[in-house]
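Descriptive structure summary
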Amino acid sequence: MSETAQRGGAIPPNSATPLVSLRDIRLTFGSHQALRGVDLDVMPGECLALLGDNAAGKSTLSKVISGTYIPDSGTITVQGEEVRFTGPNDARSRNIEMVFQDLALCDHIDVVGNLFLGRELNKGPFLDQKAMLARAQEMLEALEIRIPRLTARVEKLSGGQRQAIAIARAASFQPKVLIMDEPTSALAVAEVEAVLSLINRVKAKGVGVVLITHRLQDVFRVCDRAAIMYEGTKVAERMIADTNLEEIVNLITGGH
Amino acid sequence: MANYTERAKQSHAVEWLNDNAQVLSIALFFIACMGFFWALTDTFMTTGNLLNVVRQGAPVLIVAVAMTFVIMTAGIDLAVGSIVALINALAAILMANGFDWVTTSVMMLAAGAVVGLAQGWFISFQGIAAFIVTLAGMSILRGIALYITEGYSIPIKDQAGFFWLGRGTLAGIPVPAILAVLVAIIGFIIMRNTRYGRQVVAVGSNLEAARRVGMPARWIVCSVYMMSGIACAIAGLLIAARLGSGSSNAAVGFEMQVIAAVVLGGTSLMGGRGSILGTALGALTILIIGNGLILMHVSPFLTQIVTGVIILLAVWMNTRLFGAGFKLGKKG
Ligand SMILES: Nc1ncnc2c1ncn2[C@@H]1O[C@H](COP(=O)(O)OP(=O)(O)OP(=O)(O)O)[C@@H](O)[C@H]1O
Ligand SMILES: [Mg+2]
């Protein structure tokens, strides 16, 4: 088996340059090989499902794309240009946004503050609370997220509301790549639908979406391609149009 | 379709009460203490006494404001008393060696910043627990102060401008108190209305989240210790200016007073939650308790015990009464 095949290969879905392309990404935590050489391309206007068992390395890989983890080796190319992320800021400044599995919200800060965390609006030397509140309202309305009081601290919100805020934060600042790590795990029916339609909307604008989820029915509704990970490697990649639920399940579980 | 109704919205008043419960509780406690000492002594509620309390208490208030920032990041600075003593002694030594007070003050502010930065560097960039670093700092810095003064008190002579800082008044109000209020107001504004303040809260609330949204998390953590060092320098200078001397034995037990003020003011040692207004009220409460007990002719040996017990009770009540949303630990 060739080296590329071992890494799961890569089917180019179309000829456009990938928004992000990872090659042979390796990352170890201490002696634990979290990623053992992964290739991945994220294409514009496409939703890529990143699937796999628990602890397969999906979150770790997505954090490599968002600059949160720095890989030990391998290359990251953003829109044709090889980059070396030194931190989350580098990825953010290239419009790579991420919804983290643990949401990464600050409990003691209000909803508005969390939406603008790290990109606060200023008026002179001071925070422009009014402008942020107004824009936060627009952001949430655009995503059909209902939160009664935007000046409430996030710790007082429900799990689903918190998740909605994390999604709004990542989706509202013109991302080119939007990574969502289990964004719907705490959401009710209508809210899941809202997230799926959000994915379709941003796809139409040419955004590349990476969706990590255990809800395979959602994958078949919004994703174009699926990459399956197993024990820190990418074991397969399928076009959604060419596969079915049974095959995906088999790939995820390793056929046991 | 079933006839769904919405939950009743909480009234604004209730929301406001909820959001400000901690500050309200310390405000009530402060007023109760005032009333208590007013009733039990003749001298407490006199302008002279109250002005004296704020004059002497200004250093505590100033450092408590900075300590609020430190504790907001889930840190602690145990070295504040020692930094104050070191600055206090150094300032006197410099002036005894012919430096004028303005130069001395500027140098001391810089020295406070450097000491704070050094502590902050070990804590944020080397990842050593703040408790350990500042405990070591507490010992080292007091030790340096003792070493350079050989334990003697060093008199400051002929620095009228400097003495005015510690003893003077403006419109009848002691200059140190004015400075302290100024520091508190600036701290209040920074905490609530600036990006830096927001970053401090974010780092204390969820360090990893702050890092992931691109905040310079390590620098922010480091910076609060620098601010604490600068505040200690101001406090050390004010004490030297008031007493007209510098001594390595200045500000003994100071860290205890400062931390008590901050915690009494409702700032959580777990980080993320707190307020400068609460701290100011907490500091004033600590100060009037100390003063009131002396006026009641309680043995000075008892004062410490009573202060400690009151702090414990107040904080206990605080967590009991307002602990509904209180969570131990934080989500990573
Ligand atoms: N910060 C870390 N330190 C040490 N080990 C880690 C760290 N983060 C992840 N790991 C390990 O790396 C492996 C992959 O973890 P990862 O979170 O990427 O899995 P995942 O595919 O997202 O799983 P899940 O579906 O449960 O979210 C796991 O074995 C995990 O224990
Ligand atoms: Mg995960």
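Residues numbered from 1 in each chain as written. Chains lettered and ligands numbered in written order. Predicted model: local features only at pLDDT ≥ 70, side-chain atom pairs only at ≥ 80, totals over all residues. Heavy atoms only, no water.

Examining the interface of chain B and chain A
Between chain B and chain A, the contact holds 28 residues from the first and 29 residues from the second. For the pairing of chain B and chain A, the buried interface totals around 2600 Å² over both sides, and the portion due to carbon and sulfur atoms is 47%. Here chain B and chain A share three salt bridges between them. Where chain B meets chain A, there are ten residue pairs in polar contact (both at pLDDT 80 or more). Elements supplying a minimum of two residues to the side of chain B that touches chain A: helix H1 (12-19), helix H8 (175-193), helix H9 (195-205) and helix H10 (207-212) of chain B. The greatest single-element share of the side of chain B that touches chain A, amounting to five residues, is contributed by H9(B). Grouping the amino acids of the side of chain B that touches chain A by side-chain chemistry returns six nonpolar, ten polar and twelve charged. (Contact = heavy atoms within 4.5 Å. Buried area = accessible area lost by both parts, 1.4 Å probe. Salt bridge = Lys/Arg side-chain N within 4 Å of Asp/Glu carboxyl O. Polar contact = N/O pair within 3.5 Å; in protein donor to acceptor, adjacent residues only side chain to side chain. Helix = DSSP H or I, 4+ residues; strand = E, 2+ residues; numbered from the N terminus. Nonpolar A, V, L, I, M, F, W, Y, C, P; charged D, E, K, R; others polar.)

Focus on the packing of H9(B) against helix H11 (residues 217-243) of chain B
All names here are of chain B. Between H9 and H11, the least distance of the axes is 10 Å, while the angle of their chain directions is 105°. Relative to H11, the element H9 lies roughly perpendicular. Each of Tyr196, Gln199, Val200 and Val203 in H9 lies in contact with H11, whose residues at this interface are Ala217, Ile220, Val221, Ser223, Val224 and Met227. Here the residues of the contact of H9 with H11 sort into eight nonpolar, two polar and no charged. (Axes fitted to C-alpha atoms, helices over the stretch in contact; angles between N-to-C directions. Parallel < 35°, antiparallel > 145°, perpendicular 65-115°, else oblique.)

Considering the sheet that holds strand E6 (residues 96-99) of chain A
Residues and elements named next belong to chain A. The strand order E6-E9-E10-E3-E11-E12 describes an open sheet built from six strands, whose pairing is mixed. Of all the strands in the sheet, just E6 and strand E12 (233-239) have a single pairing partner and so form its edges. Recorded for the sheet is a direction-independent mean angle of 20° between the axes of neighbouring strands. Strand direction decides the pairing type here: strand E11 (residues 225-230) and E12, joined by six bridges, are antiparallel. What sits directly across from Arg225, in E12, is Met239. Those strands touched by helix H6 (residues 159-171) are E6 and strand E9 (177-181), and its axis lies near 175° from that of E6. Docked against the sheet, helix H9 (residues 245-253) engages strand E3 (47-52), E11 and E12, running at close to 25° with respect to E11. (Pairing = 2+ DSSP bridges.)

What about the UniProt feature "coiled-coil region" (unreviewed entry) in chain A?
The sites that UniProt annotates as "coiled-coil region" (unreviewed entry) are residues 126-153 of chain A. Annotation note: span residues 126-153 of chain A, helix share 50%, strand share 7%, distance between end C-alpha atoms 20 Å. (UniProt positions renumbered as here; feature names shortened; annotations may be inferred.)

Quick word on the pairing of strand E1 (residues 20-29) of chain A
Sheet faces and side chains relate simply in a regular strand, where the side chains alternate between the two faces. Across eight bridges, the pairing between E1(A) and strand E2 (residues 32-42) of chain A is antiparallel. Within E2(A), the residue paired with Val20(A) across the bridge is Val42(A).

Some words on the nonpolar core
Val20(A), Ile76(A), Ile96(A), Phe162(B) and Phe254(B) are the most contacted members of the largest nonpolar core, which has 124 residues in total. Counting contributing residues per domain, this core is built from domain 1 (1-95 + 176-186 + 199-256) and domain 2 (106-173) of chain A, each supplying no fewer than three. In this view, Ile76(A) contacts Val20(A), Ser21(A), Leu22(A), Ile25(A), Val64(A), Pro71(A), Glu81(A), Glu82(A), Val83(A) and Phe85(A); residues no more than four positions away in its chain are not counted. (Core = buried A, V, L, I, M, F, W, Y, C linked by side-chain atoms within 4.5 Å. Buried < 20%, exposed > 50% of the residue type's maximum accessible area, 1.4 Å probe, protein only. Domains from an automatic or database assignment.)

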